[in-house]
Amino acid sequence: MQLVQKTTTESVTQSTEIITLDVHGMKCAGCVKVVERQLKQNPQVISACVNLVTEVAVVDCTTGVDATELATNLTAAGFPTQPRYAHTLDSADETTDIQSQHRREMQSAFKQLIVAAVLLVLSSLGHFSEWGMPAVPILHNIWLHCGLATATLLIPGRLIIVDGWRGLRRNAPNMNTLVGLGTLTAYTASLIALLFPQLGWECFFDEPVMLLGFILLGRTLEQQARGRAAAAFKELLALQPQVARLIADPNKVASAESVEIPADCVRVGEWLRVLPGEKIPVDGEVVAGKTTVDESMLTGESMPALKQVGDLVTAGTINQSGAIALQATRTGKNTTLAQIVALVEAAQTRKAPVQKLADTVAGYFTYGVLTAAALTFVFWYFFGTHIWTEVLSVGITPSQHASLHTQHLAHHSPTIQTPLLLSLKLAIAVMVVACPCALGLATPTAILVGTGVGAEKGLLIKGGDVLERVHQLDTIIFDKTGTLTTGHPTVTDCIPVVEDQVLAESPSLLQLAAAAESSNLHPLATAIQQAAQQQTPLPDAQDFYLEPGLGISALVAGRLVLVGNQEWLTQQGVLISDRATKVSKSLALEGKTVVYVAADGHLRGLIALTDTLKPDAVETVNSLRQMNLRVMILTGDRHEVASAIAQQLGLGSNDILAGVRPAGKALIIEQLQSQSHRLAMVGDGINDAPALSQADVGISLQTGSDVAMETSQIVLMRNHLTDVVAAIQLSRATFNKIRQNLFWAFAYNILGIPIAAGVLLPSTGFVLSPVAAGALMAFSSVSVVTNSLLLRRRYH
């Protein structure tokens, strides 16, 4: 995958930036560690995270670092690299280049595999007589097998050997170094045996041929599997529209002349026409026409959504039934789709903390394997073959003994192995069986598949570290308004208070409150405004002051009006009578939220509102509790209101955290964390941002604010609470795949290296040949990637 893009994002401190690089030539986890170490040598680089599967490096550095310089240094170190520039992702030509590059890589891999397979077949035909089949004299000629081995090293094996040598020369040996050393050692020993038959050595030219054949087969299968793992992200990239139709008059949807321009050139405020069957090019608001839109790519919903004047549409969704005109509200990198693409790609690079162990091991792995191979040779050559002399006869069958005297060049194959040859074979097997590839692929392939599946389902999970934290959760905390409830409360009671007496309903009180709330976008404020607009026009208001979580003040027709909760009015010196407090409590016991209204320093009345639960709230809470998760409500509303909601959800009084201001929500979560709880916070508003950031995992609804989405670790693109359950289940399943992959990657090496070193040879006579070691190495990488792909099958 060769993308040409540089993503530069200002951090919160505005003193750092993130640079994305495309890094090629990485073969295993050892390469990943070398690339990260090379990047961190630059003193301005704060951190670097490298993904083996997507071949991307994300570098967090101080502002002003030259991305080209970083790329040049990596290229000089043997890893061809180039900066990635964001605008090219929107180019159809660049997308085509990416696909063409992938096809060329696969074609090259297949060609190498075919050549290796032909050489492998020709080499195997020479053993027909050993299998009781008619012998072909020329295929038994040892010089033919020497030629086949030479051709294998020079054609399909050349790139492996050259890359392995470069890694060794750079003091950064990789998997190719191990395979190259193994094949060259086997070939060299066989060549010496052929040229100097008096030594009595065995020729095993078939070993490098079969070894490279298995290695290339495994890498081809692995590359295919990695391509399938990245399929979801490629499909996401393909969703980005390329062309927009610019129009001058939105009222003439059908007849107005349009000009086609690149979608990334559209500016906010411009009018566009979208015909049936076309992708919507930018985020916008429908200003003319009526249609249905397929939003499945965004929400996972199969049913199309009706869109008419005033409705919002999203880039990448498909207009189905009618021509519409829309006004652009978000363009280029700011569209919802572009943000999803950026989130998914960033998530695929972020590693799970559990991967740190694998990375640490991988950094020294190749050196350790080379050391183990050297020790294996020394032990068996100087000690093992002298202690257990019978091991020198292992693998020589009676039929081979009998046939040695009748073969054309029998003197090149002795009847007994020498200590040198046996020691070499075991050392080669140790070098080949070790597989840092599997370690490197364990985490990124699982994250790649998991985040890709999540994106298809409208669940954006921001990286492997999030997956691990989700796996450790024991408590889920929900914000109430707009999260558990619909967020569309309605006014039920409007009760004026005059001289400490509760009077009949008066519309003037509602208008007074609505005028003060006219600049506020909180759901309660919106409900009050909507109720007041059904009456006479609102009086003029100015000098607004909002205190989040408490209330608002404004000058309404020259009077200072306060609207908010009881704490807000008390802070402003307004006296709340006992009678008003009783009325407020009785309304709260009915599950209603009470808003106090004061003017000129005196309480003027109470406004009660009610907000209904979302249809899937009860199902969501029940499902979470069945997953052994504690569910709690955290709200700024009064305890009585929260209790009424909790009762409908089947939650107890201990699960309610009420009357908490926005700043206090983060403190509450911090206190619970200090008690060893692992918490997820689910919210949708600006008020929830501190709590989402403080929680171990922040989960935000896409219908919420941009701030909430930026501070959360999981974003739910649909307004469905059940997606909280789905996101946690997907996170758990993906992290389980990571653990399984790492287990198998380590298990292959923990078991494979001792067996290859000959630990079973004295007692059982079993020895792992270099060919079998190569097959195991290839199988380990393929099995790790395949195991990750099973996650995708589970969700389709």
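Parameters at a glance
- Residues numbered from 1 in each chain as written.
- Predicted model: local features only at pLDDT ≥ 70, side-chain atom pairs only at ≥ 80, totals over all residues.
- Heavy atoms only, no water.
- Helix = DSSP H or I, 4+ residues; strand = E, 2+ residues; numbered from the N terminus.
- Buried < 20%, exposed > 50% of the residue type's maximum accessible area, 1.4 Å probe, protein only.
- Contact = heavy atoms within 4.5 Å.
- Areas by Shrake-Rupley, 256 points an atom, 1.4 Å probe, with all protein chains shown as cover.
- Axes fitted to C-alpha atoms, helices over the stretch in contact; angles between N-to-C directions.
- Parallel < 35°, antiparallel > 145°, perpendicular 65-115°, else oblique.
- Left-handed = near helix turned anticlockwise from the far one by under 90°.
- Nonpolar A, V, L, I, M, F, W, Y, C, P; charged D, E, K, R; others polar.
- Pairing = 2+ DSSP bridges.
- Phe/Tyr/Trp six-rings, centres within 6.5 Å; stacked < 30°, edge-to-face > 60°.
- pLDDT = per-residue confidence, 0-100.
- Core = buried A, V, L, I, M, F, W, Y, C linked by side-chain atoms within 4.5 Å.

## Things to note about the overall build of the protein chain
The helix and strand tally for the protein chain stands at 28 helices and 27 strands. Counting only residues that meet the buried cut, the protein chain has 53% of its 796 residues in that class. Restricting to contacts in the protein chain with at least 6 residues of sequence separation, those with at least 24 account for 70%. Surface accessibility of the protein chain: about 33,900 Å² in total, with carbon and sulfur atoms responsible for 58%.

## Re the packing of helix 4 (residues 142–154) against helix 6 (residues 175–195)
One way to put it is that helix 4 packs onto helix 6 with a least axis distance of 11 Å and a crossing angle of 155°. Put simply, helix 4 runs roughly antiparallel to helix 6. Like other packed secondary-structure pairs, helix 4 and helix 6 cross with a definite hand, here left-handed. Contacts from Ile142, Trp143, Cys146, Ala149, Thr150 and Leu153 of helix 4 reach helix 6 at Thr183, Leu184, Tyr187, Leu191, Leu194 and Leu195. Counted by class, the contact of helix 4 with helix 6 contains ten nonpolar, two polar and no charged residues.

## Side note on the sheet that holds strand 13 (residues 324–330)
With antiparallel pairing, six strands are arranged side by side in an open sheet as 6-5-7-13-8-11. Each having just a single partner strand, strand 6 (258–262) and strand 11 (312–313) make up the two edges of the open sheet.

## Brief notes about the pairing of strand 19 (residues 551–556)
For strand 19, the buried fraction is high: five of the six residues fall into the buried class. In terms of strand pairing, strand 18 (residues 541–547) meets strand 19 through five bridges, oriented antiparallel. Each residue of the ladder has a partner; that of tyrosine 545, found in strand 19, is serine 553. Across six bridges, the pairing between strand 19 and strand 20 (residues 559–564) is antiparallel. Considered in strand 20, the bridge of isoleucine 552 is made with valine 563. What sits between the antiparallel neighbours strand 19 and strand 20 is a turn of two residues, in which alanine 557 has the positive phi angle 50°.

## Things to note about the packing of aromatic side chains
Two aromatic rings are characterised by how far apart their centres lie and by the angle between their planes. For the coordinates displayed, the defined rule picks out nine aromatic pairs. Where phenylalanine 379 meets tryptophan 388, the ring centres are 6.4 Å apart and the plane angle is 50°; that geometry is what we call tilted. With a relative accessible area of 34%, phenylalanine 379 lands in the partly exposed category. Ring pairs connect the aromatic residues Phe379, Trp380, Phe383 and Trp388, which therefore count as one cluster.

## Digging into the sheet that holds strand 3 (residues 56–62)
One open sheet accounts for four strands, arranged 2-3-1-4; its pairing is antiparallel. Bordering the open sheet on either side are strand 2 (45–51) and strand 4 (81–83), each of which pairs with just one other strand. For this sheet, the mean angle separating the axes of adjacent strands, direction not counted, is 25°. Here strand 2 runs beside strand 3; their pairing, made up of six bridges, is antiparallel. Of the residues in strand 3, the one forming a bridge with valine 45 is cysteine 61. Set on the sheet, helix 1 (residues 29–40) makes contact with strand 1 (16–23), strand 2 and strand 3; between it and strand 2 the angle comes to about 160°.

## Concerning the confidence of the model for the protein chain
Model confidence for the protein chain is summarised by a mean pLDDT of 79, while 80% of its residues fall at 70 or above. Here helix 12 (residues 398–404) stands out as the least confident element of the protein chain, with mean pLDDT 38; helix 21 (residues 617–626) is the most confident, with 95. Low confidence marks residues 1–14, where pLDDT is under 50. Its contacts with residues over four positions away, or in another chain, come to 52 contacts.

## Structural notes on the nonpolar core
The biggest cluster of nonpolar side chains holds 128 residues, and the ones touching the most others in it are Leu21, Leu39 and Leu624. Element by element, the count of residues in this core is highest for helix 26 (residues 722–756), at twelve residues. Among residues more than four places away in sequence, those in contact with leucine 624 are Ile476, Phe478, Leu629, Val631, Val724, Val725 and Ile728. Listed in part, the 23 residues of the second largest apolar core include Leu512, Ala514, Ile552 and Val597.

## A closer look at the packing of helix 13 (residues 419–433) against helix 26
Orientation of helix 13 relative to helix 26, taken along the N-to-C sense of each, is 165°, at an axis distance of 8 Å. As the angle between them shows, helix 13 and helix 26 are arranged roughly antiparallel. With respect to the hand of their crossing, helix 13 and helix 26 are arranged in right-handed fashion. Contacts between helix 13 and helix 26 involve Leu426, Ala429, Val430 and Val433 from the former and Asn749, Gly752, Ile753 and Ala756 from the latter.

## A closer look at helix 15 (residues 464–471)
The element helix 15 is largely enclosed, with a buried count of six among its eight residues. Residues of helix 15 that are buried: Gly464, Asp465, Val466, Leu467, Glu468 and Val470.

## Thoughts on the environment of leucine 153
Position of leucine 153 among the secondary structure elements: in helix 4. Accessibility expressed as a relative area gives 8% for leucine 153, which makes it buried. Once the C-alpha coordinates of leucine 153 and threonine 183 are considered, the two residues, 30 residues apart in sequence, prove to be 8.1 Å apart. Setting aside anything within four residues of it in sequence, one finds leucine 153 in contact with Arg158, Ile161, Thr183, Leu184, Tyr187 and Leu212.

## Some thoughts on unusual backbone geometry
One non-glycine residue, aspartate 543, lies in positive phi territory at about 55°. Tracing the backbone through its elements, the reader meets aspartate 543 in strand 18. Among the residues examined, aspartate 543 registers a relative accessible area of 54% and is labelled exposed. A positive phi angle is found at aspartate 600, which is not glycine, with a value near 55°. Looking at the element boundaries, aspartate 600 is found in the loop between strand 21 (593–599) and strand 22 (602–610). A relative accessible area of 41% places aspartate 600 in the partly exposed class.

## Side note on the environment of alanine 608
Along the chain, alanine 608 turns up in strand 22. Judged by its relative accessible area of 0%, alanine 608 is buried. In sequence terms alanine 608 and lysine 592 are 16 residues apart; their C-alpha atoms lie 6.0 Å from each other. In contact with alanine 608, not counting residues within four places along its chain, are Thr490, Val491, Thr492, Asp493, Leu587, Lys592 and Thr593.

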